[in-house]
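# Commentary on secondary and tertiary structure
Listed here are the chains, written in short residue letters.
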Amino acid sequence: MSAPSVRGIGGGVLLGATPGGEKRSLHRRHGDGLAAAGFLAPSGVGFLLFVLAPAIGVILLSFYNWNLLSPPTFAGGANYIALFNDHHLLAVFGSTTYMALAILAINIAIGLLLAVLLEVRMPRWIRAFFRLSFLFPFVVSSSAVALIWRFLLDKDFGLVNYWLGFVGIGHINWLGTTQWAPVAIILVNSWKTLGFSILVYIAGLQGIPNEVREAAIVDGANAWTRFWRITFPLLSPTVFFLLVINTINAFQVFAEPRVLTQGGPGDSSRTIVEYIYDTAFQGFNIGYASTVGLTLVLLLVILTLIQFRLSRRWTFYE
Amino acid sequence: MKHSTKRIAALLVAAGLTVAGLTACSASGTTNTKASKTIDVAYWNYGSGAVSDNTKLQKGFEKANPGTTVNLTPIAGAGWGEYYANLATLIASGKHPDLTFISSEGVKFLDQNNLVLPINNYLKTDPAAKKIESDIAPGLIKSFSVGKDITSLPNAWNNMVIYYNTDLFKKAGIPAPDGTWTWDQFEADAKKLTTGGTYGYAWTGTEIFPGVLPWVANQGGNFVSSDVCKPTADSPAVNKAYTFLDGLIKQGISPAPPASNDLITDFENGKIAMFGAGRWVIASMLPAGFKSFDITRFPTGSTYQTVVGASGYPILKSSKNPDLAWKFQKYAASAAVQTSEIGTATAPFDGIPSLRSVAAATVAAGIPPANTKLYYGSIDNYKALTPFPAPAKYTQFESAILQDTQLIFGGNDTVSQGLSQMQKDLEPIVSCTS
């Protein structure tokens with residue numbers, strides 16, 4: 001009886017001592033449920049129309065051939081078999097994974113480093129300036145960011161190569177070689193997304209009680225020990241959150257390769273999302289694009305499950 | 001009772017939102033009930049020029065045909081390929097315009113999907129149309145044809161020519177090219193023009209028409225077979241063209257891909273002495289006050305072929321009012337409309353008029369460059385590249401060529417390796433079986 005009573009606090013069960021009162025309370029709970037359903041309905045409808053229905057649609061389309069303009073024809077498992085004969089797909093998954101892991105590492109490691117540095121003692125206006133500087137790229141449109149970087153990274157007339165020239169580094173063909181094109185995507189995407197990671201890290205760092213740190217100082221722990229023994233364990237849920245979110249985001253990069261390199265040269269900087277887009281809207285092969293999309297979903301589900309499973313070993317909750 | 005009311009209210013809200021959502025989703029699919037006097041025209045909204053040109057066309061047609069209404073549907077897209085993808089999405093959503101603006105690159109795309117209504121019957125029976133047709137170079141009509149079916153009367157077009165900076169030529173002591181260049185002469189001049197801060201020649205890496213195609217065409221080659229059913233990227237002619245261009249990069253005469261982000265600006269700033277493009281570039285250069293340029297033919301290889309691309313407003317088979325749609329197409333290609341679009345020396349039209357007579361009027365108007373007569377002259381005096389290399393999956397086709405081209409010119413593949421890979425990549429794309 002105690003458990004339902006506790007759950008019923010919001011519904012007023014504990015307030016109604018008499019049988020009649022209990023009945024009224026139940027009615028009230030019932031009414032609240034309907035009101036809640038009413039309030040949830042817009043989101044529910046939105047979810048059904050824009051998430052669930054398209055998701056089911058993608059699964060269904062993966063069994064069809066459809067070019068948008070002619071009626072779809074049933075293809076059975078042909079699109080799934082085609083996955084194994086698509087030599088571009090493996091290359092694209094390879095380049096996506098390479099870029100995603102690098103973007104993830106930069107966000108997790110450098111994001112943490114910068115967040116910790118921003119938390120050290122400094123005048124407020126300097127702190128505000130740096131926070132704003134790091135966060136600014138995050139709120140700007142990805143396409144706009146990529147467009148600006150396309151000019152900055154121009155091999156012959158770009159500012160980046162111009163500045164590198166002062167330290168004796170020759171003109172790097174950032175966007176035109178298989179070695180540098182993915183590096184350019186990694187740098188530009190990380191520059192854009194790092195602000196979000198820093199913001200979340202700062203929120204996490206500010207949530208750590210000062211008393212714990214002060215106690216460690218009193219105990220004679222140096223800065224390094226305090227970070228690894230106090231700060232990082234208490235920050236581990238934040239790190240885990242960023243790991244999951246950044247993994248999903250890093251595998252869905254689209255605007256930067258689209259604007260900077262069009263996925264090239266070859267497939268060296270092509271991401272899987274760009275490949276899905278090209279298959280659907282350049283090749284007009286909606287069925288196969290849906291099938292490739294499902295492989296990305298599968299990959300992300302597996303990666304997220306692994307992260308959740310492994311997180312038990314290193315995530316510390318107070 | 002109160003609870004029932006609440007429940008009903010909640011259900012009504014949910015149902016209302018659902019219906020509103022579904023209605024919004026299906027709004028674009030509503031059919032035209034005023035079919036007899038109304039036509040819907042979809043066009044590529046590539047910028048403010050497209051909006052003003054099409055609005056002018058809309059107003060002009062409505063004025064010339066009292067009681068008619070033209071509804072314009074602007075479709076976004078960074079290039080022709082993206083525009084066609086968005087057009088396909090529009091059609092898939094249930095909206096069927098009566099006419100849609102396309103370029104020659106989109107002819108097969110419409111034809112293979114059985115979307116376009118050929119205008120052959122109209123041309124046979126309409127004397128006014130015959131007059132328009134006779135003033136258009138046959139090569140342009142051909143670029144808008146599939147077999148014997150004519151897709152549309154072209155209202156404008158572009159051909160690929162070399163733009164050269166006259167100041168840089170003077171500075172290097174090179175006489176202005178007269179259009180009789182060979183590839184060797186071109187290379188020698190481009191080499192002389194190449195200095196520390198200037199490339200002799202550059203081409204765009206984002207499109208094949210102003211990029212690699214003219215060189216392939218002038219070796220008598222093409223990327224597709226004569227029936228546009230098979231790729232021919234590994235042919236000797238394509239190999240020869242790519243080897244020549246690769247040589248320009250290796251000698252430092254041309255930049256390695258990707259070429260500059262903004263060829264026009266770099267050309268104006270003297271960072272590039274020559275580049276290939278259509279007439280659309282003068283619509284940027286002349287308003288900016290840059291006039292130190294002229295045009296000439298691409299150098300002759302084993303042959304010379306003009307690379308052309310036209311635009312027009314084909315009628316879709318789904319049109320509720322094909323006769324009125326035909327009237328609009330004819331109006332868009334008419335001398336009155338094309339003459340009104342000529343523009344001025346500081347704000348010129350960004351294409352070449354499809355009518356020979358209007359092109360002559362453009363030359364007479366004195367709009368730069370000095371050699372403006374070459375624009376129309378190149379198709380009147382020389383053979384146009386056929387077949388038009390644009391299979392139904394044009395966007396994917398061009399993208400595959402550009403990807404493999406970048407690997408070759410970036411030094412990742414040899415010319416032969418790269419073209420062999422290009423051939424493999426194009427095989428599933430260039431096909432006549434849907």
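These numbers were taken from a predicted model, which means no experiment stands behind them. (Residues numbered from 1 in each chain as written. Chains lettered and ligands numbered in written order. Predicted model: local features only at pLDDT ≥ 70, side-chain atom pairs only at ≥ 80, totals over all residues. Heavy atoms only, no water.)

## Quick word on unusual backbone geometry
For residues that are not glycine, phi is negative in most cases, and the peptide bond is trans in most cases. This is how it is decided: The way it works is that DSSP assigns letters per residue, a run of H or I at least four long becomes a helix, a run of E at least two long becomes a strand, and they are numbered from the N terminus.
In this structure, Pro265 of chain A follows Gly264 of chain A across a cis peptide bond, with omega equal to -5°. Within the secondary structure layout, Pro265 of chain A lies in the loop between helix 11 (255-260) and helix 12 (272-281). Pro368 of chain B connects to Pro369 of chain B through a cis peptide bond whose omega is 5°. Tracing the backbone shows Pro369 of chain B in the loop between helix 16 (356-364) and helix 17 (373-381). In this structure, Leu68 of chain A is a non-glycine residue whose phi angle is positive, near 80°. When you line up the elements, Leu68 of chain A lands in the loop between strand 1 (64-65) and strand 2 (73-74).

## Quick word on the environment of Thr73 of chain B
Quick note on the threshold: Contacts are assigned to residue pairs with any non-hydrogen atoms lying within 4.5 Å of each other.
Within the secondary structure, Thr73 of chain B sits in strand 2 (residues 69-75). In this view, Thr73 of chain B contacts Val41, Ala42, Tyr43, Leu90 and Lys95 of chain B; residues no more than four positions away in its chain are not counted.

## Concerning the state of the cysteines
Residues and elements named next belong to chain B. To keep things clear, this is the line we draw: Pairs of cysteine sulfur atoms within 2.5 Å are identified as disulfides in what follows.
Scanning the entire structure with this criterion turns up one disulfide over all chains. The disulfide partner of Cys229 is Cys432, and the S-S distance across this bridge is 1.8 Å. Here the disulfide of Cys229 and Cys432 is left-handed, its torsion about the S-S bond being about -95°. Of this pair, Cys229 sits in the loop between helix 10 (213-217) and helix 11 (236-250) while Cys432 is found in the segment after helix 19 (415-426), placing the two residues 203 residues apart along the sequence.

## Side note on the interface of chain A and chain B
Accessible area lost during the coming together of the parts is what is often quoted as the interface size. In plain terms, the rule: Reported buried area values correspond to the accessible surface (1.4 Å probe) lost by two parts on association, with both partners' losses combined. Two N or O atoms count as a polar contact when they lie within 3.5 Å, although within protein this holds only if one can serve as hydrogen donor and the other as acceptor, and sequence-adjacent residues are included solely when both atoms are side-chain atoms. Lys, Arg, Asp and Glu make up the charged group, whereas Ala, Val, Leu, Ile, Met, Phe, Trp, Tyr, Cys and Pro make up the nonpolar group; the residues left over, Gly among them, are polar.
At the junction of the two partners, chain A supplies 37 residues and chain B supplies 39 residues. The largest share of the area that chain A buries against chain B comes from Leu69, Phe157 and Gln282 of chain A, three residues that together contribute 20% of it. Inspection of the region where chain A meets chain B yields six residue pairs in polar contact (both at pLDDT 80 or more). Of all the elements in the fold, those that place two or more residues in the side of chain A that touches chain B are helix 2 (19-61), helix 4 (87-118), helix 6 (142-152) and helix 12 of chain A. With nine residues, helix 2 of chain A is the largest single contributor of residues to the side of chain A that touches chain B. A class-by-class count of the residues in the side of chain A that touches chain B yields 15 nonpolar, 16 polar and six charged.

## A short note on the pairing of strand 10 (residues 274-277) of chain B
Residues and elements named next belong to chain B. Our working definition: The buried label applies to any residue whose accessible area, calculated with a 1.4 Å probe on protein chains only, is under 20% of its type's maximum; exposed applies above 50%, and partly exposed to all values in between. In this description, strands pair whenever DSSP reports at least two bridges between them.
Of the two faces of strand 10, the one carrying Met274 and Gly276 and the one carrying Phe275 and Ala277 are both buried. The pairing of strand 9 (residues 161-165) with strand 10 spans four bridges and is antiparallel. Looking at the pairing, Ile162 lines up with Gly276 of strand 10.

## Some remarks on the packing of aromatic side chains
Which entries qualify depends on this criterion: Between 30 and 60 degrees the pair is tilted, below 30 it is stacked and above 60 it is edge-to-face, where a pair is any two Phe, Tyr or Trp rings, Trp via its six-membered ring, whose centres lie within 6.5 Å. Criterion for a charge above a ring: Lys NZ or Arg CZ within 6 Å of the ring centre, and within 35 degrees of the ring normal.
Inspection of the entire model under this criterion finds 52 aromatic pairs over all chains. Residues Trp174 of chain A and Trp180 of chain A carry aromatic rings whose centres are separated by 5.1 Å and whose planes lie at 70° to one another, so their mutual orientation is edge-to-face. With centroids separated by 5.3 Å and ring planes inclined at 75°, the aromatic side chains of Trp183 of chain B and Trp215 of chain B adopt a geometry described as edge-to-face. Taken together, the residues Trp183 of chain B in helix 9 (residues 183-193) and Trp215 of chain B in helix 10 connect sequence positions 32 residues apart. Relative accessible area serves as the criterion here: at 0%, Trp215 of chain B is assigned to the buried category. Three or more aromatic residues joined by ring pairs form one cluster here, namely Phe284 of chain A together with Trp44, Tyr46, Phe61, Trp80, Tyr83, Tyr84, Phe101, Phe109, Tyr313, Phe328 and Tyr331 of chain B. The positively charged end of Lys271 of chain B is found above the aromatic ring belonging to Phe157 of chain A, 4.4 Å away from the centroid.

## Some details on the sheet that holds strand 10 of chain B
Residues and elements named next belong to chain B. Which entries qualify depends on this criterion: Axis angles are defined between N-to-C directions and span 0 to 180 degrees, where every axis is a line fitted to C-alpha atoms and, for a helix, only to the segment in contact.
Pairing is antiparallel across the open sheet formed by three strands, whose spatial order is 10-9-11. The open sheet has two edge strands, strand 10 and strand 11 (293-296), and neither has a second partner. This sheet shows a mean twist of 30° between the axes of neighbouring strands, independent of strand direction. Sheet analysis places strand 9 next to strand 11, joined by four bridges and oriented antiparallel. In the sheet register, Tyr163 faces strand 11, and the bridge partner there is Ile295.

## Things to note about the environment of Cys229 of chain B
Residues Cys229 of chain B and Asp189 of chain B, spaced 40 residues apart in sequence, show a C-alpha to C-alpha distance of 38 Å. In this view, Cys229 of chain B contacts Val430, Ser431 and Cys432 of chain B; residues no more than four positions away in its chain are not counted.

## Some details on the confidence of the model for chain A
Predicted coordinates in regions of low pLDDT should not be interpreted in detail. Quick note on the threshold: The pLDDT value tells you how sure the predictor is about a given residue, anywhere from 0 up to 100.
Mean pLDDT over chain A: 88, with 91% of residues reaching 70 or higher. Contacts for the low-pLDDT stretch residues 1-17 of chain A, under 50 throughout, to residues beyond four places or in other chains number nine contacts.

## Notes on a nonpolar patch on the surface
Note the cut-off: Nonpolar side chains (Val, Leu, Ile, Met, Phe, Trp, Tyr) within 5 Å and like charges within 9 Å form the patches, drawn only from residues with over 30% relative accessible area and no salt bridge. All accessible areas in this document rest on Shrake-Rupley with a 1.4 Å probe, and a residue is counted as covered only by the protein chains that are shown. We define a salt bridge as a contact between a side-chain nitrogen of Lys or Arg and a carboxyl oxygen of Asp or Glu at a distance within 4 Å.
Nonpolar side chains collect at one region of the surface, where Phe47, Leu48, Phe50, Val51, Leu52, Ile56 and Leu60 of chain A lie side by side and expose about 680 Å² of accessible area between them. Inspection of the secondary structure assignment puts Phe47 of chain A in helix 2.

## A word on the sheet that holds strand 8 (residues 154-159) of chain B
Residues and elements named next belong to chain B. Reading across the sheet, the four strands line up as 4-12-8-14 and stay open at both edges, with antiparallel pairing between neighbours. Looking at which strands have only one partner, the edges of the open sheet turn out to be strand 4 (102-103) and strand 14 (352-353). Strand direction decides the pairing type here: strand 8 and strand 12 (residues 308-312), joined by five bridges, are antiparallel. Opposite Asn159, over in strand 12, you have Val308 as the bridge partner.

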